[in-house]
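What the coordinates show
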Amino acid sequence: MAVFVHPFRVVQNTASGKFICELAQCRDLPLAEAAYTKAIALYPDDVITLQHGSKLLKRSDVPQRDGNR
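First, a word on what this report is: a plain description of the structure on this page. (Residues numbered from 1 in each chain as written. Predicted model: local features only at pLDDT ≥ 70, side-chain atom pairs only at ≥ 80, totals over all residues. Heavy atoms only, no water.)

For Gln51, the position within the fold is in strand β3 (residues 47-52). Within the structure, Gln51 has its side chain in polar contact with the side chain of Arg9 (distance 2.6 Å). At 3.1 Å, the side chain of Gln51 forms a polar contact with the side chain of Thr49. Setting aside chain neighbours within four positions, we find Gln51 in contact with Pro7, Phe8, Arg9, Val11, Leu56 and Leu57. (Helix = DSSP H or I, 4+ residues; strand = E, 2+ residues; numbered from the N terminus. Polar contact = N/O pair within 3.5 Å; in protein donor to acceptor, adjacent residues only side chain to side chain. Contact = heavy atoms within 4.5 Å.)

Okay, here's the thing in structure tokens:
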């Protein structure tokens, strides 16, 4: 099995924070955001995170701020 190391990752966790699996690795942010959005729709009961390396960019159980405010 090939192991890729791309900077953006979409990860699935349980509501209690237990790791389930890595759903996607992407080299581009727009593609990673699309995978994150789709993962939220597919796994509504789990916490989905979008990460850039060790930095957490988005988390599905935290409301996102509107960038225009």
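Attention now moves to the pairing of β3. The buried fraction of β3 is high, at 5 of 6 residues. Pairing of strand β1 (residues 8-13) with β3, which is carried by 6 bridges, proceeds in the antiparallel orientation. Within the sheet, the bridge partner assigned to Val11 lies in β3 and is Thr49. In terms of strand pairing, β3 meets strand β4 (residues 55-59) through 4 bridges, oriented antiparallel. The residue bridging Thr49 from the neighbouring strand is Arg59, located in β4. Here β3 folds back onto β4, and the loop between the two strands holds 2 residues, one of which, Gly53, carries a positive phi near 65°. (Buried < 20%, exposed > 50% of the residue type's maximum accessible area, 1.4 Å probe, protein only. Pairing = 2+ DSSP bridges.)

The strands making up a sheet are joined through hydrogen bonds of the backbone, oriented either antiparallel or parallel. Pairing is antiparallel in the open sheet, where 4 strands are placed in the order β2-β1-β3-β4. On the outer flanks of this sheet lie β2 (19-26) and β4, each paired with one strand and no other. Here the average twist between neighbouring strands, direction ignored, is 25°. Bridge count for β1 against β2 is 6 bridges, and the pairing is antiparallel. (Axes fitted to C-alpha atoms, helices over the stretch in contact; angles between N-to-C directions.)

So, on to helix α1 (residues 29-42). An ideal rise of 1.5 Å per residue puts 20 Å on 14 residues; α1 measures up with 20 Å between its terminal C-alpha atoms. Listed in full, the buried residues belonging to α1 are Ala32, Tyr36 and Ala39. Viewed along the axis of α1, the buried residues span an arc of 65°, placing them on a single side of the element. Seen from the buried face of α1, the exposed residues on the opposite side, beyond 90 degrees, are Pro30, Leu31, Thr37, Lys38, Ala41 and Leu42. Turning to α1, the residues buried within the fold contact β1, β2, β3 and β4. (Expected span 1.5 Å × (residues − 1). Arc of directions from axis to C-beta.)

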